[in-house]
Amino acid sequence: MRTLKIKQLIILFFTTNLLFSSCSLIYQDCTVTYIGNDQTSGSAPIDTITYSYGSDFTALGKGSLEKEGFTLLWWNTKPDGKGTFVKPGDKPVLKTNNLNLYAFWVEDTYAKNFKLSINLNHTIQIDKYIGHGVTLVIPESISGIPVTTLKKDALRYTAAQN
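1. Things to note about the environment of Glu68
Then comes step 1: Looking at the secondary structure, you find Glu68 in the loop between strand 4 (51–52) and strand 5 (70–76).
Then comes step 2: Here Glu68 falls in the exposed class, since its relative accessible area comes to 70%.
Then comes step 3: C-alpha separation for the pair Glu68 and Gln39, spaced 29 residues apart in sequence, amounts to 7.9 Å.

Here it is in structure tokens:
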């Protein structure tokens, strides 16, 4: 007996007088590919798993990717950062057969001084200031993405920052 694993099931019914005259099955496998997006050294991680359409996957870390003066904080579905953001470790649902995730690089100045997150409207929120400077400048944008939100208590000083 042979077992067939169904990846995605699409059933097309054509009816005439409530009788089924045709039925078609389509199966789909999905892959996730990571792209360095202007890295200066290293390689993007390789995901060797074939996923099912509609299943979730765990977004991988940066592998050995490096970009001088930058930190990889997220992946994005578009090379220009105008797609959907995915954080390493997140478990998004696959809604396409072959998903390309491009490294989204953030300047070290910001990545080392702030904990950042992405809002649903594709803007950046500053969650916490983790730097040590006495003077703080809130940037208008980071890597081309507007900064629109400061999380409550993001700038609260604690003794641990001393």
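What follows continues from the structure just given.
2. Side note on unusual backbone geometry
Then comes step 1: With a phi close to 60°, Asn37 is a non-glycine residue in the positive phi region.
Then comes step 2: Position of Asn37 relative to the elements: it lies in the loop between strand 3 (29–35) and strand 4.
Then comes step 3: Here His122, not a glycine, exhibits a phi torsion of approximately 60°, which is positive.
Then comes step 4: Counting through the fold element by element, His122 comes out in the loop between strand 8 (114–118) and strand 9 (124–129).
Then comes step 5: Given a relative accessible area of 32%, His122 falls into the partly exposed group.

3. Examining the pattern of salt bridges
Then comes step 1: Taken as a whole, this structure holds one salt bridge when the rule is applied.
Then comes step 2: A salt bridge links Glu66 to Lys62, with the shortest nitrogen-to-oxygen separation between them at 2.6 Å.
Then comes step 3: With a relative accessible area of 36%, Glu66 lands in the partly exposed category.

4. Some points on the packing of aromatic side chains
Then comes step 1: Taken as a whole, this structure holds six aromatic pairs when the rule is applied.
Then comes step 2: Through a chain of ring-to-ring contacts, the aromatic side chains of Trp74, Phe85 and Phe104 assemble into a single cluster.
Then comes step 3: One residue, Lys67, lies across the ring of Phe70, its end atom 4.6 Å from the ring centre.

5. Structural notes on the sheet that holds strand 5
Then comes step 1: Taking strand neighbours across the sheet as the criterion, the five strands line up as 4-3-7-5-6 in an open arrangement whose pairing is mixed. Since the sheet does not close on itself, it has two edges, and those belong to strand 4 and strand 6 (85–86), each with one partner.
Then comes step 2: Examined bridge by bridge, strand 5 and strand 7 (residues 98–107) share six bridges and lie antiparallel to one another. Counterpart to Trp74 in the pairing with strand 7 is Phe104.

6. A few points about the sheet that holds strand 8
Then comes step 1: If you trace the four strands from one edge of the open sheet to the other, you get 8-9-11-10, paired in mixed fashion. At either end of the open sheet lies a strand with only one pairing partner, and these are strand 8 and strand 10 (141–142).

What counts as what
Residues numbered from 1 in each chain as written. Predicted model: local features only at pLDDT ≥ 70, side-chain atom pairs only at ≥ 80, totals over all residues. Heavy atoms only, no water. Helix = DSSP H or I, 4+ residues; strand = E, 2+ residues; numbered from the N terminus. Buried < 20%, exposed > 50% of the residue type's maximum accessible area, 1.4 Å probe, protein only. Salt bridge = Lys/Arg side-chain N within 4 Å of Asp/Glu carboxyl O. Phe/Tyr/Trp six-rings, centres within 6.5 Å; stacked < 30°, edge-to-face > 60°. Lys NZ or Arg CZ within 6 Å of the ring centre and 35° of its normal. Pairing = 2+ DSSP bridges.

Just geometry here; none of it tells us what the structure is for.
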